[in-house]
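So you can see what is in the structure, the chains are spelled out below.
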Amino acid sequence: MLDGIEDDRRGLGLRMTAETWWAAPAQGAGAALMVAAPAAGLAWGWLLFVTGVATFFVVESVFRRRSGLSISGPAGPRGVALLIGLGCLVAVALAAAVILSFLGLNVAVLGLAMIVGGCFAVGVVAYDRVYAIEVARVR
């Protein structure tokens, strides 16, 4: 019976990582939009920020439909650590973007947004792999 549970968990992990190819870049783009928002000014910045946040909800919705999985939270401590790290990355980068934008360094904000988007996408890939490993552990 434990072997059957282990096979099911391994299958869940594989279904999770199968969606990474599109979900990670999409979430990286969402993070980049959030960080780039201050460079657009008050008139358009809010729209970029809301679009970035909405990207995460759209990705989650499409992920649920395509994979049939509904993930309520991380499967273990490494997943939690990665999520905290990704959240801190965006928060610190957003604060830096606001400061850079205030100083008139909008090109630097866009560069920062591109770097954060790439790092976030890599972080999502790492999270998906860690999730698959942690959910597959049965014994």
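The preceding data block contains the structure.
To start, this report covers the structure provided alongside it. Since the structure is predicted, the reported quantities are computational estimates derived from the model, not experimental observations.

**Here's the deal with the overall build of the protein**
Then, in step 1: Broken down by element type, the protein carries five helices and zero strands.
Then, in step 2: Seen in sequence order, the protein has helices and strands lined up from the N terminus as α-α-α-α-α.
Then, in step 3: Sorting the 139 residues of the protein into buried and exposed places 34% on the buried side.

**Considerations on helix H2 (residues 20-36)**
Then, in step 1: Under the 1.5 Å per step criterion, the end-to-end length of H2 is 24 Å for 17 residues, consistent within 8% with the ideal 24 Å.
Then, in step 2: Three or more residues of H2 are buried, namely Thr20, Trp22, Ala23, Ala24, Gln27, Gly28, Gly30, Ala31, Ala32, Met34, Val35 and Ala36.

**Focus on the pattern of salt bridges**
Then, in step 1: Across all of its chains, the model carries two salt bridges by this definition.
Then, in step 2: Residues glutamate 60 and arginine 64 are paired through a salt bridge, measuring 2.9 Å at the closest nitrogen-oxygen approach. One end of the pair is glutamate 60 and the other is arginine 64, both in helix H3 (residues 41-67) and four residues apart, which spans about a single turn.
Then, in step 3: On the accessibility criterion, arginine 64 (41% relative accessible area) is partly exposed.

**Here's the deal with the side chain of glutamine 27**
Then, in step 1: Tracing the backbone shows glutamine 27 in helix H2.
Then, in step 2: According to the relative accessible area criterion, glutamine 27 is buried, its value standing at 17%.
Then, in step 3: Aside from chain neighbours lying at most four places away, what touches glutamine 27 is Phe56, Val59, Phe120 and Val124.

**Examining the packing of H2 against helix H4 (residues 77-102)**
Then, in step 1: The geometry of H2 relative to H4 is characterised by a closest axis approach of 8 Å and an angle of 30 degrees between their N-to-C directions. With respect to their mutual orientation, H2 and H4 come out roughly parallel. Note on element contacts: H4 touches H2 through Val90, Ala93, Leu94 and Ala97, opposite Ala31, Met34 and Val35.
Then, in step 2: Partitioning the contact of H2 with H4 into residue classes produces seven nonpolar, no polar and no charged.

**Here's the deal with the packing of H2 against helix H5 (residues 106-136)**
Then, in step 1: Remark: H2 packs on H5, axes separated minimally by 7 Å, with the N-to-C direction vectors making an angle of 145 degrees. Seen from above, H2 lies across H5 with right-handed handedness. Between H2 and H5, the residues in contact are Thr20, Ala24, Pro25, Gln27, Gly28, Ala31, Ala32, Val35 and Ala36 and Val109, Leu110, Leu112, Ala113, Val116, Gly117, Phe120, Ala121, Val124, Val125 and Asp128, respectively.
Then, in step 2: Broken down by class, the residue content of the contact of H2 with H5 amounts to 15 nonpolar, four polar and one charged.

**Regarding the nonpolar core**
As a rule of thumb, soluble globular proteins bury nonpolar side chains together.
Then, in step 1: Core analysis: the biggest nonpolar cluster contains 15 residues, and Ala31, Val35, Val90, Ala113, Val116 and Phe120 have the highest contact counts within it.
Then, in step 2: Elements represented by at least two residues in this core include exactly H2, H4 and H5.
Then, in step 3: With six residues, H2 is the largest single contributor of residues to this core.
Then, in step 4: Counting eight residues, the second-largest nonpolar core is a separate cluster that includes Val59, Ile71, Tyr127 and Val135.

Criteria and cut-off values
Residues numbered from 1 in each chain as written. Predicted model: local features only at pLDDT ≥ 70, side-chain atom pairs only at ≥ 80, totals over all residues. Heavy atoms only, no water. Helix = DSSP H or I, 4+ residues; strand = E, 2+ residues; numbered from the N terminus. Buried < 20%, exposed > 50% of the residue type's maximum accessible area, 1.4 Å probe, protein only. Expected span 1.5 Å × (residues − 1). Salt bridge = Lys/Arg side-chain N within 4 Å of Asp/Glu carboxyl O. Contact = heavy atoms within 4.5 Å. Axes fitted to C-alpha atoms, helices over the stretch in contact; angles between N-to-C directions. Parallel < 35°, antiparallel > 145°, perpendicular 65-115°, else oblique. Nonpolar A, V, L, I, M, F, W, Y, C, P; charged D, E, K, R; others polar. Left-handed = near helix turned anticlockwise from the far one by under 90°. Core = buried A, V, L, I, M, F, W, Y, C linked by side-chain atoms within 4.5 Å.

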